[in-house]
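Observations on the three-dimensional arrangement
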Amino acid sequence: MGASHPRSEQHQYHELMAKTGFSLEQIKNLHIRFQHLSGNEETIRRKHLSSIPALANNPIKKEIIEAFFDKRNQHENETGSFEEIGFEQFLMVMSHFRPPTLRTKDEEREALRKEKLHFLFNMHDTDSDGIITLEEYRKVVEELLSKSGNIGQEAARAIADAAMLEVASTNAPDMGPDDFYEGITFEHFEQMLQNLELESRMHIRFLDVKTTTMHCGKATM
Amino acid sequence: SDDDAYPDAEKSNLPVFTMDYPRIQIPFEITLWMLLASFAKIGFHVYHKITVWVPESCLLISIGLIVGAIMHSVHEEPPAVLTSNVFFLYMLPPIVLDSGYFMPTRPFFENIGTVFWYAVMGTLWNSIGIGISLFTICQIEAFGVQDINLQENLLFASIISAVDPVAVLGVFEDVSVNEQLYIVVFGECLFNDAVTVVLYNMFSFVADMPVVEPVDVFLGVARFFVVGLGGMGFGILFGFVAAFTTRFTSKVREIEPLFIFMFSYLAYLVSELFAISSIMAIVCCALTMKYYVEENVSQRSCTTIRHVVKMLGSISETLIFFFLGVVTITTEHEWNWAYILFTLLFAFVWRGLGILVLTQIINPFRTISFNLKDQFGMAYGGLRGAISFALAFTLPDTIGRKQLFVTATIVIILFTVFLQGISIRPLIEFINVRRTNRNVDTINVEIHCRLMEHTMAGIEDLCGQWSHFYWKDKFMKFNNRVLRRILIRDNRAESSIVALYKKLELQNAMEILDTVSGDISAAPSIVSLQYETRISAKPKKKFFAEDLKNMHNILSKNMYKIRQRTVAYTSKYALPNDSQPREILIRRHSSIRRSLRPGSFHLYYYFFFFFSDEHETMSEVAYPARHSRFGQPKRSASGAMMPLHRLDTLKEVPSVDVLNESEKGSTSRGVSRTNSSYSDSRVPARGSPPSL
């Protein structure tokens, strides 16, 4: 980011603060990281994210990267995907992982939880039709299990099938034998995970300190 | 003559009936006491409502009080159970092992900082606060306790400030609070032992010294680290040794559980030897051991271990509370209104204050902060129990007011257990503390937990920020690469999703097998693979006996045949049926679809076979059954039945003749492997399907 007005930057940051809920410090740090990732360009493309070495071992690397380019995660009721994203879109996706604070009220918590659920749902639903079909679910399970030992593809499929069956049986128990279970809708998805505490599992402590300089020995891009 | 040798003029004949009580006295009385306490426990559950409102600990103490009163009135002495050696060496370890073994590890490690913070700082805060306050009270002449000096007050305070795992768990098990709160209270009461041990030793050491020098305080701090870290170190060491040992126990399955118990107990005793925190040692041992051991031992041993751990813990707990009641009546008490009442007051006040202050300090470091309700739960749930009592009993007699201390300790214990124990449940419900549903055992949840973990780790890498996901990831890699190789016999890295899936499938399979003979409605979900059983096409609501018989035949031929093929000899030391069975996981991936003809149905099934020999590459076969028609019974809502839906996938699965496959498989690969590492159900699916 070459010559830019500090004033307009501040203004931009304040807008982002309002939109995403991050603090000024956190936005600044994330901006530094953004620039690091993008190689000092204005936008990030998929190839920038794919080349992060630490992500190489992550079994769902593709889904994670895809999530950044998914228009649905921008909360603007669009579908499809971007080719490249700017800092604002980057921040929007990151804002899904903010932890709740003491001051968060119950309705806000609910809204946050729904956001997180939507994020997960979008990870599964790659064709944006609002339903997770069996194929889509299988794909995710296969990828999840791909890095842990010699799980054959058949086993992964079996597990995905069993999982679908579970959802179907709890959410549509009165389906006649003739009906075909299309796939998991968002309501069913919500219900399936209703007992799961998302708060403690899906958050990142976005630090208020500059961490890019604190990585002793960790290979950053 | 003969008569002179025997002064008794009477000749004695062979006694037909003799009695020798002293010989068996000790074991006999132990057994009777155990039985008595256990009967009391049975008795409580006769009337269910009692146990809802009154925790078992209170009931047991009450019964103990009654028995103690009876014994006192007949001037009998109770057995010396709550005195140091017996309590600390025999009664306490099983309970702590129980708590440690069943501690939920993931939440524990996620909150480990908080747990240690409360355990260490909380206990310190309470001890010093209560000690100093009591000392100031002692200065008031009117109360008549001026002879208790500061050190003795601090010593007493350190005894009563320790939150007791036995009491707390007895109460918190029934009250379902949110996971964070539970694990913090749970962890705190287990890990505050290190501090208590140090403080107790330190203060009893300096109790009769007139002056405490800064050097002593410094040494105390150093000793704390030795005690705490030493305890954990020993625990982890013994845990690894136990895990390593179980790697080689495949030939001696019957005594596998023994290793678990012996090593944990050894960890405890060795720590006691060096006067370091034995409770921490045994907890760490259980934590370390559990993960690796449960992969190495057989399913039976695993069940046995869990069951015995629970049983021993339960017995110990019962006995402890019971004897608490008994001994309350039979000891000599020294009563001093002022001291005792102020002790109660200060114990409450300091605990409440302590939780408040400590939470304020640690909340910013936590992602899920504790709100006021959680804090109340924590403070109110700080029950004292038998450990305090035993420590009071073992106070050196040089302390002048020992009896007063014992009495005060008993009063506090009774007060917290009864008052707080009974009222905590309604209070928590009233103020509506956040709850978590702790038992979510579905595949979907497990899949999504994994998904979230990986997502979080990925996002963290993207952000370039470290958090505990990063460390967890690192540890898991280390675990997989190094630890598992050494400690686990069959090192096949297995996803927790697959483990859970197999567990659930096994449960399903067990339920099917159980209900086949009884519940008709479950029967049609098992079908033979080779046989086409044509049952009448008329719509049926019930099964005819003939159908049932057919199904039984099919079932037994297909499944039990495979089992029988692999039964080896049972030897004298082997448990019955503990041969090398091949476990069959039946997947009722069934769907029912009405066929074109009204009233008849098609059923599609998969059978998955997981073979246990590590040399076999085939691990599973997917297999649909064709053309099997059964009348659909009136489906009852039995838990084993999953409702039957058609899934799109069924068409894609090839059909394989399983039985032939297994026959070929078994003969070609050889069946009984003498050193085969079989594990009953913990076998992952490996490789790809054969020759399909």
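Residues numbered from 1 in each chain as written. Chains lettered and ligands numbered in written order. Predicted model: local features only at pLDDT ≥ 70, side-chain atom pairs only at ≥ 80, totals over all residues. Heavy atoms only, no water.

In the annotation of an unreviewed UniProt entry, chain B is listed under the name Sodium/hydrogen exchanger and assigned to Kryptolebias marmoratus. The record in UniProt for chain B states the following under Sequence similarities (unreviewed entry): "Belongs to the monovalent cation:proton antiporter 1 (CPA1) transporter (TC 2.A.36) family." Per UniProt, chain B carries the Subcellular location (unreviewed entry) text "Cell membrane". (UniProt positions renumbered as here; feature names shortened; annotations may be inferred.)

Going by the annotation in an unreviewed UniProt entry, the name recorded for chain A is Calcineurin B homologous protein 3, with Kryptolebias marmoratus given as the source organism.

What chain B contains, in helices and strands, is 24 helices and 2 strands. Expressed as a percentage of the 692 residues in chain B, the buried residues total 54%. Summing over all exposed atoms, chain B offers an accessible surface of approximately 31,600 Å²; the carbon and sulfur share of this is 64%. (Helix = DSSP H or I, 4+ residues; strand = E, 2+ residues; numbered from the N terminus. Buried < 20%, exposed > 50% of the residue type's maximum accessible area, 1.4 Å probe, protein only. Areas by Shrake-Rupley, 256 points an atom, 1.4 Å probe, with all protein chains shown as cover.)

With that out of the way, let us pick up the environment of Met92 of chain A. All names here are of chain A. Its place among the elements puts Met92 in helix α5 (residues 87-94). Using a relative accessible area of 6% as the deciding quantity, one classes Met92 as buried. Sequence-wise, Met92 and Gln74 are 18 residues apart; in three dimensions their C-alpha atoms are separated by 6.1 Å. Look past the residues within four positions of Met92 in its chain and what remains in contact with it is Lys19, Thr20, Asn73, Gln74 and His75. (Contact = heavy atoms within 4.5 Å.)

With that settled, the discussion passes to the nonpolar core. In this structure, Phe87, Met103, Phe191, Val283 and Tyr339 of chain B are the most contacted members of the largest nonpolar core, which totals 134 residues. Here this core takes 12 residues from helix α19 (residues 402-431) of chain B, the largest share from any one element. Residues in contact with Val283 of chain B, not counting those within four places in the same chain, are Val96, Gly100, Met103, Leu190 and Phe191 of chain B. By size, the runner-up hydrophobic cluster in this structure holds 67 residues, among which are Ile65, Phe82, Phe90 and Ile132 of chain A. (Core = buried A, V, L, I, M, F, W, Y, C linked by side-chain atoms within 4.5 Å.)

With that out of the way, let us pick up helix α7 (residues 134-146) of chain A. Between the first and last C-alpha of α7 of chain A there are 18 Å, a value that for 13 residues agrees with the 18 Å anticipated at 1.5 Å per step. Within α7 of chain A, the full set of buried residues consists of Leu134, Glu136, Tyr137, Arg138, Val140, Val141, Glu143, Leu144 and Leu145 of chain A. (Expected span 1.5 Å × (residues − 1).)

Glancing now at the pattern of salt bridges. On inspection of all chains with the given rule, the structure shows 16 salt bridges over all chains. Note that Lys41 of chain B and Glu56 of chain B form a salt bridge whose closest N and O atoms lie 2.9 Å from each other. Here the residue Lys41 of chain B occupies a position in helix α2 (residues 21-46), and Glu56 of chain B occupies one in helix α4 (residues 56-73), the gap between them amounting to 15 residues. Among the residues examined, Glu56 of chain B registers a relative accessible area of 19% and is labelled buried. Note that Arg306 of chain B and Glu294 of chain B form a salt bridge whose closest N and O atoms lie 2.9 Å from each other. One end of the pair, Arg306 of chain B, is in helix α15 (residues 299-330); the other, Glu294 of chain B, is in helix α14 (residues 278-296), and 12 residues separate them in sequence. Its relative accessible area of 32% is what places Arg306 of chain B among the partly exposed residues. Judged by its relative accessible area of 13%, Glu294 of chain B falls in the buried class. Sharing partners across several salt bridges, the network here consists of Arg46, Glu66 and Glu83 of chain A. (Salt bridge = Lys/Arg side-chain N within 4 Å of Asp/Glu carboxyl O.)

What follows is about the side chain of Ser161 of chain B. Residues and elements named next belong to chain B. Structurally, Ser161 is set in the loop between α8 (150-160) and α9 (165-172). Side-chain polar atoms of Ser161 contact the side chain of Ser127, separated by 2.9 Å. Here Ser161 is in contact with Thr123, Asn126, Ser127, Ile130 and Arg384, once residues within four sequence places are set aside. (Polar contact = N/O pair within 3.5 Å; in protein donor to acceptor, adjacent residues only side chain to side chain.)

Before going further, it helps to examine the packing of α8 of chain B against α19 of chain B. Residue and element names in this part refer to chain B. Contact geometry for α8 and α19: axes closest at 11 Å, N-to-C directions at 30°. Comparing their axes, α19 and α8 come out roughly parallel. Pair α8 / α19 crosses with right-handed handedness. Where α8 approaches α19, its residues Glu152, Phe156 and Ile160 are matched on the opposing element by Phe405, Ala408, Thr409 and Ile412. Here the residues of the contact of α8 with α19 are counted per class, giving 5 nonpolar, 1 polar and 1 charged. (Axes fitted to C-alpha atoms, helices over the stretch in contact; angles between N-to-C directions. Parallel < 35°, antiparallel > 145°, perpendicular 65-115°, else oblique. Left-handed = near helix turned anticlockwise from the far one by under 90°. Nonpolar A, V, L, I, M, F, W, Y, C, P; charged D, E, K, R; others polar.)

Bringing the packing of aromatic side chains into the picture now. The final tally for this structure, using the stated rule, is 32 aromatic pairs over all chains. Centroid distance Phe108 of chain B to Phe109 of chain B: 5.2 Å. Interplanar angle 65°. Geometry classified as edge-to-face. Among the aromatic residues, ring-to-ring pairing joins Phe34, Phe68, Phe87 and Phe90 of chain A into one connected group. Against the face of Tyr101 of chain B rests Lys290 of chain B, its NZ or CZ located 5.3 Å from the ring centre. Above the ring of Phe102 of chain B, the side-chain terminus of Lys310 of chain B is found at 4.6 Å from the ring centroid. (Phe/Tyr/Trp six-rings, centres within 6.5 Å; stacked < 30°, edge-to-face > 60°. Lys NZ or Arg CZ within 6 Å of the ring centre and 35° of its normal.)

Take a nonpolar patch on the surface next. Residue and element names in this part refer to chain B. A contiguous nonpolar patch, built from Leu345, Phe348, Val349, Leu353, Leu356, Val357, Ile361, Leu372, Phe415 and Leu419 and spanning about 810 Å² of accessible area, is present on the exposed surface. At the level of elements, α16 (337-362) and α19 are the ones that each hand at least two residues to the nonpolar patch. Here the nonpolar patch gets 7 residues from one element, more than from any other, and that element is α16. Topologically, Leu419 is positioned in helix α19. (Patch = residues over 30% accessible without salt bridge, like charges linked within 9 Å, V, L, I, M, F, W, Y side chains within 5 Å.)

It is worth spelling out the environment of Gln151 of chain B at this point. Residues and elements named next belong to chain B. Assignment of secondary structure puts Gln151 in helix α8. Assessed through its relative accessible area of 7%, Gln151 is described here as buried. Remark: the alpha-carbon pair of Gln151 and Ser204, spanning 53 residues in sequence, is separated by 7.8 Å.

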